[in-house]
There are 4 protein chains.
Amino acid sequence: MTDLMRAGIIGAGGYTGAELVRLIGAHPKLELRWVAGHESAGRRLSEVLPGTLGVQGVGSLTLERYSAERAAELASALDVVFCCLPHGKSAAVVASLYQAGLTVVDLSADFRTQSQAAYEAWYGPHPAPELLPEAVYGLPERYRRELAGARLIAAPGCYPTSAILPLAPLFAAGLVDVSAPVVIDAKSGVSGAGRSPSASTHYPEAAEGLRAYKVAGAHRHTGEIEQQLERAAGAPVSVLFTPHLVPMSRGILSSSYVKLTSGASLADCREAARAAYPEGGLVTLLEESLPDTLWVRGTARAHISYQRDERTGLLLALCAIDNLTRGASGQALQALNVAFGWDEALGLPVLGQFP
Amino acid sequence: MTDLMRAGIIGAGGYTGAELVRLIGAHPKLELRWVAGHESAGRRLSEVLPGTLGVQGVGSLTLERYSAERAAELASALDVVFCCLPHGKSAAVVASLYQAGLTVVDLSADFRTQSQAAYEAWYGPHPAPELLPEAVYGLPERYRRELAGARLIAAPGCYPTSAILPLAPLFAAGLVDVSAPVVIDAKSGVSGAGRSPSASTHYPEAAEGLRAYKVAGAHRHTGEIEQQLERAAGAPVSVLFTPHLVPMSRGILSSSYVKLTSGASLADCREAARAAYPEGGLVTLLEESLPDTLWVRGTARAHISYQRDERTGLLLALCAIDNLTRGASGQALQALNVAFGWDEALGLPVLGQFP
Amino acid sequence: MTDLMRAGIIGAGGYTGAELVRLIGAHPKLELRWVAGHESAGRRLSEVLPGTLGVQGVGSLTLERYSAERAAELASALDVVFCCLPHGKSAAVVASLYQAGLTVVDLSADFRTQSQAAYEAWYGPHPAPELLPEAVYGLPERYRRELAGARLIAAPGCYPTSAILPLAPLFAAGLVDVSAPVVIDAKSGVSGAGRSPSASTHYPEAAEGLRAYKVAGAHRHTGEIEQQLERAAGAPVSVLFTPHLVPMSRGILSSSYVKLTSGASLADCREAARAAYPEGGLVTLLEESLPDTLWVRGTARAHISYQRDERTGLLLALCAIDNLTRGASGQALQALNVAFGWDEALGLPVLGQFP
Amino acid sequence: MTDLMRAGIIGAGGYTGAELVRLIGAHPKLELRWVAGHESAGRRLSEVLPGTLGVQGVGSLTLERYSAERAAELASALDVVFCCLPHGKSAAVVASLYQAGLTVVDLSADFRTQSQAAYEAWYGPHPAPELLPEAVYGLPERYRRELAGARLIAAPGCYPTSAILPLAPLFAAGLVDVSAPVVIDAKSGVSGAGRSPSASTHYPEAAEGLRAYKVAGAHRHTGEIEQQLERAAGAPVSVLFTPHLVPMSRGILSSSYVKLTSGASLADCREAARAAYPEGGLVTLLEESLPDTLWVRGTARAHISYQRDERTGLLLALCAIDNLTRGASGQALQALNVAFGWDEALGLPVLGQFP
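None of these values were measured; they are calculated from a predicted model. Counting restarts for each chain: residues are numbered from 1 in the order of the written sequence. To read the labels, note that chains go from A and ligands from 1, taken in the order they are written. Thresholds applied to this predicted model are a pLDDT of at least 70 for local features of residues and 80 or more for the giving and counting of side-chain atom pairs; totals over whole chains, interfaces and linings are not thresholded and use all residues.

## A word on the overall build of chain A
Link 1 in the chain: A run of H or I in DSSP counts as a helix once it spans at least four residues, and a run of E counts as a strand once it spans at least two, with each numbered from the N terminus. A tally of regular secondary structure across chain A gives eleven helices and 13 strands.
Link 2 in the chain: Taken against the 2.2 N^0.38 rule, which gives 20 Å for 355 residues, the C-alpha radius of gyration of chain A at 20 Å falls within 12% of a compact globule.
Link 3 in the chain: For chain A, the spread of C-alpha atoms along the principal axes amounts to about 60 × 45 × 40 Å.
Link 4 in the chain: Per-residue burial over chain A gives 65% buried out of 355 residues. Each radius of gyration reported is based on C-alpha atoms, and the globular scaling rule is 2.2 Å times the count of residues to the power 0.38. Around each residue's C-beta, the other C-beta atoms within 10 Å are counted; 20 or more make the residue buried, 12 or fewer make it exposed, and counts in between make it partly exposed. All C-beta atoms are placed from the backbone.

## Regarding the interface of chain B and chain D
Link 1 in the chain: On the chain D side, the residues contacting the 13 residues of chain B number 13 residues.
Link 2 in the chain: Each residue receives one of three labels: charged for Asp, Glu, Lys and Arg, nonpolar for Ala, Val, Leu, Ile, Met, Phe, Trp, Tyr, Cys and Pro, and polar for the others, Gly being one of them. Of the residues that constitute the side of chain B that touches chain D, the class distribution is seven nonpolar, five polar and one charged. The contact criterion used here is simple: two residues whose C-beta atoms, placed from the backbone, lie within 7 Å are in contact.

## A closer look at the relation of the copies chain B and chain D
Link 1 in the chain: Superposing chain B onto chain D takes a rotation of 180° combined with a translation of 0.0 Å along the rotation axis, leaving an RMSD of 0.0 Å. On the angle and the small slide along the axis, the relation comes out as a two-fold axis. The position closest to the rotation axis in chain B is occupied by the C-alpha of Tyr203(B), lying 2.1 Å away. Least-squares fitting of one copy onto the other uses the C-alpha atoms of those residues that reach a pLDDT of at least 70 in both copies.

## Describing the environment of Val239(A)
All names here are of chain A.
Link 1 in the chain: With respect to the secondary-structure elements, Val 239 resides in strand β9 (residues 239-245).
Link 2 in the chain: On a C-alpha basis, the gap between Val 239 and Thr 222 in space is 6.8 Å, while along the polypeptide they are 17 residues apart.
Link 3 in the chain: In contact with Val 239, not counting residues within four places along its chain, are Val 182, Ile 184, Thr 222, Ile 225, Glu 226 and Leu 229.

## Examining helix α6 (residues 140-147) of chain C
Given 3.6 residues to a turn, an α-helix orients residues that are three or four positions apart in the same direction.
Link 1 in the chain: Along α6(C), the residues that are buried comprise Pro140(C), Glu141(C), Arg142(C) and Leu147(C).
Link 2 in the chain: Taken from the residues just after α6(C), Gly149(C) is the one with a positive phi, measuring 80°.

## Some remarks on the interface of chain C and chain D
Link 1 in the chain: Every contact between the two is made by 45 residues of chain C and, on the other side, 44 residues of chain D.
Link 2 in the chain: Broken down by secondary-structure element, the contributors of at least two residues to the side of chain C that touches chain D are β7 (182-188), α8 (203-206), β8 (211-212), β9 (239-245), β10 (252-259), β12 (302-308) and β13 (314-321) of chain C.
Link 3 in the chain: Taken together, the residues that form the side of chain C that touches chain D break down as 23 nonpolar, ten polar and twelve charged.

## Description of the packing of helix α1 (residues 15-25) of chain A against helix α11 (residues 325-339) of chain A
Residue and element names in this part refer to chain A.
Link 1 in the chain: To obtain an axis, a line is fitted to C-alpha atoms, over the contacting stretch when the element is a helix, and the angle between two such axes runs from 0 to 180 degrees between their N-to-C directions. Across the interface, α1 lies against α11 with an axial gap of 9 Å and an inter-helix angle of 45°. Between α1 and α11, the angle falls in the class oblique. Read as a crossing pair, α1 and α11 show a hand that is right-handed. Along its contact with α1, which presents Thr 16, Glu 19, Leu 20 and Leu 23, the element α11 presents Thr 325, Ala 328, Ser 329, Gly 330 and Leu 333.
Link 2 in the chain: For the contact of α1 with α11, the class distribution of residues is four nonpolar, four polar and one charged. Roughly parallel here means an angle under 35 degrees, roughly antiparallel means over 145, roughly perpendicular means 65 to 115, and every remaining angle is called oblique. Left-handed describes a crossing whose near helix is turned anticlockwise from the far helix through less than a right angle; right-handed describes the clockwise counterpart.

## Quick word on the sheet that holds strand β1 (residues 5-10) of chain D
All names here are of chain D.
Link 1 in the chain: Only when DSSP finds a minimum of two bridges between them are two strands counted as paired. Spatially, β2-β1-β3-β4-β6-β5 is the arrangement adopted by the six strands of the open sheet, whose pairing is parallel. On the outer flanks of this sheet lie β2 (30-36) and β5 (136-137), each paired with one strand and no other.
Link 2 in the chain: By the bridge criterion, three bridges tie strand β4 (residues 103-106) to strand β6 (residues 152-154) in an arrangement that is parallel. Opposite Val 104, over in β6, you have Leu 152 as the bridge partner.
Link 3 in the chain: Against the sheet, helix α4 (residues 90-99) engages β1, β3 (80-83), β4 and β6, with an angle of about 165° to β4.

## Side note on the relation of the copies chain C and chain D
Two chain copies here: they are related by a rotation about an axis and a translation along the same axis.
Link 1 in the chain: Under the fitted operation, chain C is carried onto chain D by 0.0 Å of movement along the axis and a turn of 180°, and the coordinates agree to an RMSD of 0.0 Å.
Link 2 in the chain: Residue by residue, 98% of the interface of chain C is reproduced at the interface of chain D, so both copies engage with the same surface.

## Looking at the environment of Val237(A)
Residues and elements named next belong to chain A.
Link 1 in the chain: You can see Val 237 is positioned in the loop between α9 (221-233) and β9.
Link 2 in the chain: Taking the C-beta count within 10 Å as the criterion, Val 237 has 23 such neighbours and is therefore assigned buried.
Link 3 in the chain: Taking the C-alpha atoms as reference points, Val 237 and Asp 268, 31 residues apart in sequence, are found 20 Å from one another.
Link 4 in the chain: Apart from the residues lying within four places of it in its own chain, the contact partners of Val 237 are Phe 171, Val 178, Val 182, Glu 226, Leu 229 and Glu 230.

## A short note on the domain arrangement of chain A
Residues and elements named next belong to chain A.
Link 1 in the chain: Bear in mind that the domain bounds are from an automatic or database domain assignment. Segmenting chain A into domains produces domain 1 (5-134) and domain 2 (159-323).
Link 2 in the chain: Taking the mean C-alpha position of each, domain 1 and domain 2 sit 27 Å from one another.
Link 3 in the chain: Listed by partner, the interface residues are nine residues for domain 1 and seven residues for domain 2.
Link 4 in the chain: At four residues, the largest contribution of residues to the side of domain 1 that touches domain 2 is made by helix α5 (residues 116-123).

## Quick notes on the sheet that holds strand β1 (residues 5-10) of chain C
Sheet strands pair via backbone hydrogen bonds, and the direction of the pair is either parallel or antiparallel.
All names here are of chain C.
Link 1 in the chain: Here we have six strands laid out as an open sheet, ordered β2-β1-β3-β4-β6-β5, and parallel in their pairing. Strands at the two margins of the open sheet, each flanked by one partner only, are β2 (30-36) and β5 (136-137).
Link 2 in the chain: Sheet analysis places β5 next to strand β6 (residues 152-154), joined by two bridges and oriented parallel. Bridge pairing in β6 places Val 136 opposite Ile 153.
Link 3 in the chain: Contacting β3 (80-83), β4 (103-106) and β6, helix α11 (residues 325-339) runs over the sheet at an angle of about 150° to β4.

## Notes on the pairing of strand β4 (residues 103-106) of chain A
Residue and element names in this part refer to chain A.
Link 1 in the chain: Here β4 shows a buried face lined by Thr 103 and Val 105 and a second buried face lined by Val 104 and Asp 106.
Link 2 in the chain: The pairing of strand β3 (residues 80-83) with β4 spans four bridges and is parallel. Note on β4: the bridge partner recorded for Cys 83 is Asp 106.
Link 3 in the chain: Taken together, β3, helix α4 (residues 90-99) and β4 form a β-α-β motif whose crossover is right-handed. The crossover handedness rule: strands pointing away from the viewer, path from first strand over the helix to second strand clockwise, crossover right-handed.

## Describing the packing of helix α7 (residues 158-172) of chain C against α11(C)
All names here are of chain C.
Link 1 in the chain: Their axes nearest at 8 Å, the elements α7 and α11 cross at an angle of 95°. In this view, α7 runs roughly perpendicular relative to α11, as classed from their interaxial angle. Mapping the contact onto sequence places Cys 158, Thr 161 and Ser 162 in α7 and Arg 326, Gly 327, Ala 328 and Gln 331 in α11.
Link 2 in the chain: Looking at side-chain class alone, the contact of α7 with α11 contains two nonpolar, four polar and one charged residues.

## Examining unusual backbone geometry
A negative phi angle is the norm for most residues apart from glycine, just as the trans form is the norm for most peptide bonds.
Link 1 in the chain: Residue Pro355(A) is reached from Phe354(A) by a cis peptide bond, and omega for that bond is 0°.
Link 2 in the chain: Assignment of secondary structure puts Pro355(A) in the segment after α11.
Link 3 in the chain: The phi dihedral of Ala216(B) is positive, around 55°, even though this residue is not glycine.
Link 4 in the chain: Positionally, Ala216(B) belongs in the loop between β8 (211-212) and α9 (221-233).
Link 5 in the chain: On the neighbour-count criterion, Ala216(B) (21 C-beta atoms within 10 Å) is buried.

## Remarks on the pairing of strand β2 (residues 30-36) of chain A
All names here are of chain A.
Link 1 in the chain: The pairing of strand β1 (residues 5-10) with β2 spans six bridges and is parallel. From the neighbouring strand, Met 5 faces β2, where its bridge partner is Leu 30.
Link 2 in the chain: A crossover connection joins β1 to the parallel β2 through α1; in handedness this β-α-β unit is right-handed.

## A look at the environment of Ala233(C)
Residue and element names in this part refer to chain C.
Link 1 in the chain: Inspection of the secondary structure assignment puts Ala 233 in helix α9 (residues 221-233).
Link 2 in the chain: Here the alpha-carbon distance between Ala 233 and Asp 185, two residues 48 residues apart in the chain, equals 20 Å.
Link 3 in the chain: If we ignore the near neighbours within four places in the chain, the residues touching Ala 233 are Phe 171 and Val 178.

## Quick notes on the confidence of the model for chain A
Link 1 in the chain: Scored from 0 to 100, pLDDT records how confident the predictor is in each individual residue. Of all residues in chain A, 99% have pLDDT values of 70 or greater, and the mean over the chain is 96.
Link 2 in the chain: Model confidence for the complex is summarised by a pTM of 0.97, with the ipTM given as 0.96.

Below, the structure is given as structure tokens:
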């Protein structure tokens, strides 16, 4: 057991932090040694996450407060830190930890874009632009090579993960007509909105209510999706992304509509996906059924499918993921596994609880 | 009170039937006099719909069994019959009632298409094609004139209602480029699947599960939507319709993506909608907020909105309805109100319970 | 229409206020003329309750701010005011309106107890104790005579309504052994917690979570229940009341366990209920089935049942109500109907939407 | 890896079977080698449990059909079989496997009672009464010694587990007045009803509906609870058990009301629980908060608490478990761990996904 890597979490009281607590607890080569919070600093983890009550060595951890002066101290106590802070607030914290020598996995948007300009178009001034070239986009199926040995990992957003996984192989294989707009109609469970209560996530107003929000290019994930599809296509791509809030706790289903290049067939699309996602991996192509968030809940697995509509010639690409596991914390661990040279699925839940 | 019209319901134990029981009970000019069922024949209505327990004059009704021989008898006992039967089974029943002189509102798909060929392309042989020309499509906002005095009303499907209401005015005003495909991504609550239990509607597998079904042109409502949009456009229209099942009981949100004709603006679209749906009516255009199924639940109201995506130039048209009230039984009553010369909203719930 | 009574609501943006907006809108003898709010003052009602968008004469109302100086002005503009404020804050407002000559229905706890001491034992100093003797407890089935002509009505709490309706007739008929404790295990939907978001009502933490709260005599409704059962029994009664939060929006199911007096039978209990709740009223005794919140949702109806456990000799009394309709706003209107000399069910929804 | 025990599941397509598939897949000393089903025989496991799609070595298993002639063959291919069949059907299958030399964990009620008479009072004729003395009740916290080396384990029912865990230590310590009835008011998620669709589990009728069922001694778990409490007390105990169906997928919260013996205090109760459930085990006593099903979901952990009501002197014992993990499959594995001499928590999820 002397070879356990020591992990810490900043923002352990939120949903992505809580998911990391669960996943690290089940990981054979990681040990959770340190947790930090903001409003929750000074409290026991079991007060903030009562599910840890009675869990040996976890529930009794006390949430600390992080500040940059502590970076050196942490660098000697830990090997890796997961940073679960809001965009804008994350970059400086990440920078201090990274510069102190730690491996850092950032779950915010702060290091997901390659260029400072792209970041600032959506998010405002970047607090640590000099680190942007260091960061690797933490989507192992597409950046496996770059992730090997990486010390700064930008875990992808939940919506982008659900859109990029089914679409990128098609763009990379030249099967999509990039002159036509890509319509991505995505539906997310309420945990995607985070742990802070609000009117729109108040149970009586979220249950039995279904709504779109931040429509017509207003959602920042549009830029992240476009960037990745453009990298796959090697050409500009125009995305119309519409997020919806659905009355369930976890899960994203994205329904994407693309125009295939002339001559490209459904079989070509499936072939491209099979090549990108070999059997035994965490992305599974469904051919005889359709993806359902229920079936991937709590896991790092993605279910994708393609269907061609004869009537319009459009391709419908569906993808179901768990927004917190595959869409955030599980994928963060998967990327870390690759960075550390372990099997990408090491310690990850691959079969969820049902129902 | 001597001027109450006497109503009957065939299929009163299903969801659209139950909704009619509720709505007729609150209607000032209708009186529920007769109910029929199939498996439930012989039982008291309060056994089948326990909400009617203690409701005077309703819960004590006994479900009868209908057969064509009873048409004449019913024609003297009733003025109007609502027929809530599956497509294919409905047409013969409707024909017998109509020919006996009753006003009939059919909630199945059997009389929604104008041409026999169009019906048979989606549903198989039509049992009573000679009546197709008699039927009026029961969407009052579009067929008000035709509905006046109509004796055979084909109540629209739930998905088509949610798609046609926001889109038809745009097609009618020539604002949509009909050469581009129309993408309609629709999400429905589980009551849309009817009252018969099944694996996909079993609570533990419907809650926390989100899925598309009958994709890529497999859902029959595609034809109904296309027919209506083509009538509005006066030209062929090509629709890609993707239905999704969402873990909530009631409601449909449809998100439609269309390409506008060159020169057409967002303002033009809103203007077209305001012209089609004057203030005081049951279709409300939202400009400062986005539709939410929560806000129209239990009512005959539709909330629609338009947003233009600068990035792709596409128009996003959103529409929220209650699939059972606006999408079926309430709209059926609205159409009957128009047929009988009453105010279209007479007796209809226009403000739903919240939350 | 000149005989419409003019109604106002203070606190129209909360759940009980929203329910009154719905119910008054459907009431044939009331007209909503004025609404007030606190945080929402100055906004249109349709911004606070988007369901009123497009509802003529309602959505366009602007929420005002109430202060005691306005009492005289309101007394000439309105006939009745419903006050939906938190306990402690309500009494002074109610007093000002009442003294100005208005009929007031108070939905807070401030006037539910007869004695100042009883109030202060649970709630702290009473702001207007001199009015306590004027107030009538707004449970029409038990205080019909006192409510006739009443100008100050204290609408009962939601949990007490669900407990008193099934139990009071048994205590009044001497069927319950008052020396044994009464165990009331009640389960409420989340709307009972009000419209303000909080951690425990945040969708992802309320869905799939079931919990007791304010147990072992900590919930203030204990006192209100005891008071009413003692009035029915004419003797001290000892209640153990346990509230639970259930992942649904509306509804309360209370399961009460009482010891019958020796010789009292299940038939006696049912007989007592039938006498207290004649057919045609809003409380329905179920004998062949068990109450379900689904069947009374959105209505002012209560479903009750009794079962005797042979093994222990205890009686199980079940009651299902909608916490907002029967448990608050609908019952408030029912009481007002009686106060004004109208039929108690006038304008009330007696059959809910299903499902 | 040569020391993996080979496991099989009969009834793998139901909820307790599916949960075993998940749990065995994560267990370090068990390997799932064989699955059987009835209606699902001949299908791949991934068709019946799509969550296993892409899960190496699991999704590709084919469901077989079991018959007693196969017992010997299975005895050489497997070490342990979990039997997830309905009561009455299970006993003969269990007997054949047990007699062939396999270790059998039976998740039905068939071997939970010690005496044939007790079984037959609730369930009808017992198909294999001669095996009753061989079976050990699989509640490790109470039968740890008996379970060591056991080859026939009767996994407890979900409701009984939730009642016995908090109550048995109190009865065993003589803290409860056995002359007073024990009231157990339990609330279960819908998965407790199994995987077969029915009217009461149809999503639109289960969501927003809360109901008691099989009340007043009609539920068979009453006998199982009484038997275990009587064994703890060494005296007859009289239980009134009321199950309720709650709109959530997983979880049971039981609220039990008992009369303490004179002199017994809340502190005594907590002391008894601490003695029965030492720190580090799977049952956790909460003193500063109350149990919530959310916090134990998907785990084998139970959260219990005690509160004393001064007003009535009664003790309220609360217990939250996951009905499928602690209430069935996880506890079955826990018992097997003890039987095989492993750590009781080996391979079990002790921290659930949140939210």
